[in-house]
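# A structural walkthrough
Next come the chains, spelled out residue by residue.
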There are 2 protein chains.
Amino acid sequence: METPRTPATLADVAERAGVSRQTVSNAINNPDLLRPDTLSRVRAVIAELGYTPNQAARQLRTRSSRLIGLRLGPAQEFTANMAMDRFVRSLVEAAGQVGHQVLLFSGGPVAEGERPDPLAGYDDLVRSTAVDAFVVTDTYLGNPQTIGLTRRGAPFVAFGRPWDDPHAAHPWVDVDGAAGVRAATEHVHRRGHRRIAWIGWPPGSPIGDDRRAGWHRAMSEHGLSTAGLEAAVEDTVDAGRSAAAALLDDTGGGSGGGSGGGSGEGAPTAFVCASDTLAVGVLAELDARGLAVGGSAADGMGVVGFDDSQVAQVLGLTSVRQPLEQVAVALVEALTALLGSTTVEPSGVLLTPTLAVRRT
Amino acid sequence: METPRTPATLADVAERAGVSRQTVSNAINNPDLLRPDTLSRVRAVIAELGYTPNQAARQLRTRSSRLIGLRLGPAQEFTANMAMDRFVRSLVEAAGQVGHQVLLFSGGPVAEGERPDPLAGYDDLVRSTAVDAFVVTDTYLGNPQTIGLTRRGAPFVAFGRPWDDPHAAHPWVDVDGAAGVRAATEHVHRRGHRRIAWIGWPPGSPIGDDRRAGWHRAMSEHGLSTAGLEAAVEDTVDAGRSAAAALLDDTGGGSGGGSGGGSGEGAPTAFVCASDTLAVGVLAELDARGLAVGGSAADGMGVVGFDDSQVAQVLGLTSVRQPLEQVAVALVEALTALLGSTTVEPSGVLLTPTLAVRRT
DNA sequence: CTGAAAGCGCTAACAT
DNA sequence: ATGTTAGCGCTTTCAG
């Protein structure tokens, strides 16, 4: 209706409603304290005036901004980007549910040829009491910058396990990559594949090793050999393609029509990959060789990627999908627990991905 | 070093430096007013104590939060998602450069089967003075929710042209889709293609129409006919594929080896698409027909997408790339101008996309 | 150039 | 159940 130059204040509402400022404050924060009729009267005026508590004043008084800080690092690799988008959306939504908002900040421009300071940007926010807590997403850097944060008295919860310290004293939420890859392996196994290859990353990265373990475990459980079925390459399409080619050639066969996937020796008939990027490489190689893809083992090769990226969705690539919505909810839960009570037992939550089954 | 329970305040610094609070404040906000030696002494203490002004107090006093609100709507279509990620990153970075941060908020959960309220979420932020301004990204909805914002006295700048009102009284930044598509068309033309098809969306969407215009103009300028070279379909891979098939079949030819792209009648030898999604469909159809892709017109078909999505990058698809980094910078510039001066002449900025040239 | 006073809008404690 | 008082930490007058 009206367009007041300056937003209504508590005092405005109080005067108009014929009560004191405190009563209005209570109407908002402790409605139970008011008599029903007073409450409704105050509420009417609040609505009429379009009053919303001044955020700064409230924050100054309560020392709570209802803001969650999330640092956006420099652009990550392909797949991480997409995941990040979905994650951020989910986090904003989940935080919104409990009355929080998400404050994005950047780690600052990384100086030429310099290692980015993993803590840059956090400090100011902590000291200026601009945010109540942080969601830290780059623990996978292996860098427990977490240490820096705890010492700084900044509440935070991590998306990602503290790989190097299983007993870390902070809450975290992570996705069970091994379980995801295992499900992927089971999937192609159910379709009749027995020679199931793994195309992963070079050993040493916790996430990569974890995912590989899922494949290895699944194979073992089915009594399948993994010999000659493994490649460790960097995360590019070309590398994935080369790896697939090498695996297909290695044990002979595979150049013609794919001899029908026996359970013994021989070229792989299915590929489980550590990323969609690698899987795209595999698809390219199979396509170049004229090998059919999808269906049961008799119909064509099996290919599964990881992250359910845009690429997977467009190409019809079956892929492991991280439950980022659940991750966000769990993070927010942990955060509210953290902010609510003084005694916080550090808890870890491990969520299981799903498999987005498509053509391949 | 130390870990004070509570962050240092202005008073702490003042006492330790042997000056008044005001002097410390000046040291931060008006360094010129201090004598050099006083300044350096105060600065030393500030550094020593790790002092950072309390954000809430400052905001309460100055009525400026140095926060820019950005609403994250519900997940968009494929390509928008990817673009959003890159855009948000760029915006955070650009805003950071001028000392602002980005506050994400959600439009609220859209009730089942209900049209999302395009203004939901903005109101509270405005009235609670939580943000200084907004960046509005969904003007392409054709919905000038902008109106609502202006009336509300909320400064904002739009990413996206006010299509339905060329003289809108707010600053905006947009990407010249027509120019991008034109560049794409020129690109395949330079490679020797003459029968260049356009696969776009059904008429009626400003963005789609604009992009199509770029193709049409480029064709006209080269004196090329566009007859029988156009398809308007929904934005899916399958639709793109069908459209390509239809165009290839329509004027005969094309099933064998592609007869070498004359300039007269005949099937298209190149496809410029309104989206990467459609282009992927084209690639699939060409692949199925055994038609080569890339190189000069003599070598293979030309295909260009739009948005330089992850998919394009992975598939080696040439694509029009929106300069989102520049968009972010321009938005922030417009915003600071808006916030700085009282007299703001509404300005529009139209940026030209680049062409990410790849295999196709 | 530096200091003292006032108050932004709100809520936690205490009155009533 | 409602009103009063005080003060969060900062910056904008205004005096010295």
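This text goes with the structure placed above it.
One structure accompanies this document, and this report is about it. Since the structure is predicted, the reported quantities are computational estimates derived from the model, not experimental observations.

### Side note on the nonpolar core
Formed by 86 residues in total, the largest nonpolar core has its most connected members in A:Ile199, A:Phe271, B:Ile199 and B:Phe271. Not counting the four nearest positions on each side in its chain, A:Phe271 is found in contact with A:Ala197, A:Ile199, A:Ala244, A:Leu247, A:Leu248, A:Val282, A:Leu286, A:Met301, A:Gly302, A:Val303 and A:Val304. Formed by 58 residues, the second largest nonpolar core is a distinct cluster that contains A:Phe87, A:Phe159, B:Val327 and B:Val332.

### Quick notes on the interface of chain B and chain A
Every contact between the two is made by 52 residues of chain B and, on the other side, 53 residues of chain A. Roughly 4600 Å² is buried in total at the junction of chain B and chain A, and carbon and sulfur atoms are behind 61% of that figure. If you look at where chain B meets chain A, you find zero salt bridges. Mapped onto the side of chain B that touches chain A, the elements with two or more residues apiece are helix 4 (55-62), strand 1 (67-72), helix 5 (78-97), strand 2 (101-106), helix 6 (122-127), helix 11 (276-288) and helix 12 (310-315) of chain B. The dominant element in the side of chain B that touches chain A, judged by the number of residues it contributes, is helix 5 of chain B, at 10 residues. Looking at the side of chain B that touches chain A residue by residue, the classes come out as 27 nonpolar, 18 polar and seven charged.

### What about the packing of helix 8 (residues 177-190) of chain B against helix 9 (residues 206-221) of chain B?
Residue and element names in this part refer to chain B. As a packed pair, helix 8 and helix 9 sit with axes 7 Å apart at the nearest point and diverge in direction by 40°. Considered as vectors, helix 8 and helix 9 are oriented oblique to each other. Taken as a pair, helix 8 and helix 9 cross one another with a handedness that is right-handed. Residues Gly177, Ala178, Val181, Arg182, Thr185 and Glu186 of helix 8 form the contact with helix 9, whose participating residues are Asp210, Arg211, Gly214, Trp215, Arg217, Ala218, Met219 and Glu221. Taken together, the residues of the contact of helix 8 with helix 9 break down into five nonpolar, three polar and six charged.

### What about helix 13 (residues 324-340) of chain A?
Here helix 13 of chain A spans 24 Å end to end across 17 residues, near enough to the 24 Å set by a 1.5 Å rise per residue. When we look at burial in helix 13 of chain A, the residues that qualify are A:Leu324, A:Val327, A:Ala328, A:Ala330, A:Leu331, A:Val332, A:Ala334, A:Leu335 and A:Leu338.

### With respect to the protein's contact with DNA strand D
Around DNA strand D lies a shell of 25 residues, among which A:Ser20, A:Thr38, A:Arg63, B:Leu10 and B:Tyr51 are the nearest. Here DNA strand D approaches the protein such that, of its atoms within 4 Å, sugar and phosphate make up 63%. With respect to DNA strand D, the backbone of A:Arg35 contributes an N or O atom lying 2.9 Å from a phosphate oxygen. Contact distances for DNA strand D include 2.9 Å between a base oxygen and a side-chain N or O atom of B:Arg61. Of all the elements in the fold, those that place two or more residues in the surface near DNA strand D are helix 2 (21-29) and helix 4 (55-62) of chain A together with helix 2 (21-29) and helix 4 of chain B. Grouping the amino acids of the surface near DNA strand D by side-chain chemistry returns eight nonpolar, 10 polar and seven charged.

### Details of the protein's contact with DNA strand C
In the vicinity of DNA strand C lie 26 residues, with A:Leu10, A:Arg21, A:Tyr51, B:Thr23 and B:Arg63 positioned nearest. Protein-adjacent atoms of DNA strand C, using a 4 Å cutoff, are sugar or phosphate at a proportion of 66%. Here a phosphate oxygen of DNA strand C and a side-chain polar atom of A:Ser25 are 3.0 Å apart. Within the backbone of A:Ala57, a nitrogen or oxygen atom sits 3.5 Å from a base nitrogen of DNA strand C.

### Observations regarding the packing of aromatic side chains
All names here are of chain A. Under the counting rule described, the total for this entry stands at 10 aromatic pairs over all chains. Relative to Tyr122, the ring of Phe105 lies with its centre 5.2 Å away and its plane at 80°, an arrangement referred to as edge-to-face. With Phe105 in strand 2 (residues 101-106) and Tyr122 in helix 6 (residues 122-127), this pair connects stretches of sequence that are 17 residues apart. Among the aromatic residues, those joined into a cluster by ring pairs are Phe105, Tyr122 and Phe134. A cation over an aromatic ring shows up here: Arg211 above the ring of Phe306, its NZ or CZ 3.5 Å from the ring centre.

### Structural notes on the packing of helix 10 (residues 237-250) of chain A against helix 11 (residues 276-288) of chain A
Residue and element names in this part refer to chain A. One can describe the packing of helix 10 onto helix 11 by two numbers: an axis separation of 7 Å at closest approach and a directional angle of 50°. One element, helix 10, and the other, helix 11, form an angle in the oblique class. Helix-helix and strand crossings are classified by hand; for helix 10 and helix 11 the assignment is right-handed. For the pair helix 10 and helix 11, contact is made by Val237, Gly240, Arg241, Ala244, Ala245 and Leu248 and by Thr277, Leu278, Val280, Gly281, Val282, Ala284, Glu285, Leu286 and Ala288, respectively.

Conventions we followed
- Residues numbered from 1 in each chain as written.
- Chains lettered and ligands numbered in written order.
- Predicted model: local features only at pLDDT ≥ 70, side-chain atom pairs only at ≥ 80, totals over all residues.
- Heavy atoms only, no water.
- Core = buried A, V, L, I, M, F, W, Y, C linked by side-chain atoms within 4.5 Å.
- Buried < 20%, exposed > 50% of the residue type's maximum accessible area, 1.4 Å probe, protein only.
- Contact = heavy atoms within 4.5 Å.
- Buried area = accessible area lost by both parts, 1.4 Å probe.
- Salt bridge = Lys/Arg side-chain N within 4 Å of Asp/Glu carboxyl O.
- Helix = DSSP H or I, 4+ residues; strand = E, 2+ residues; numbered from the N terminus.
- Nonpolar A, V, L, I, M, F, W, Y, C, P; charged D, E, K, R; others polar.
- Axes fitted to C-alpha atoms, helices over the stretch in contact; angles between N-to-C directions.
- Parallel < 35°, antiparallel > 145°, perpendicular 65-115°, else oblique.
- Left-handed = near helix turned anticlockwise from the far one by under 90°.
- Expected span 1.5 Å × (residues − 1).
- Near = heavy atom within 4 Å.
- Polar contact = N/O pair within 3.5 Å; in protein donor to acceptor, adjacent residues only side chain to side chain.
- Phe/Tyr/Trp six-rings, centres within 6.5 Å; stacked < 30°, edge-to-face > 60°.
- Lys NZ or Arg CZ within 6 Å of the ring centre and 35° of its normal.

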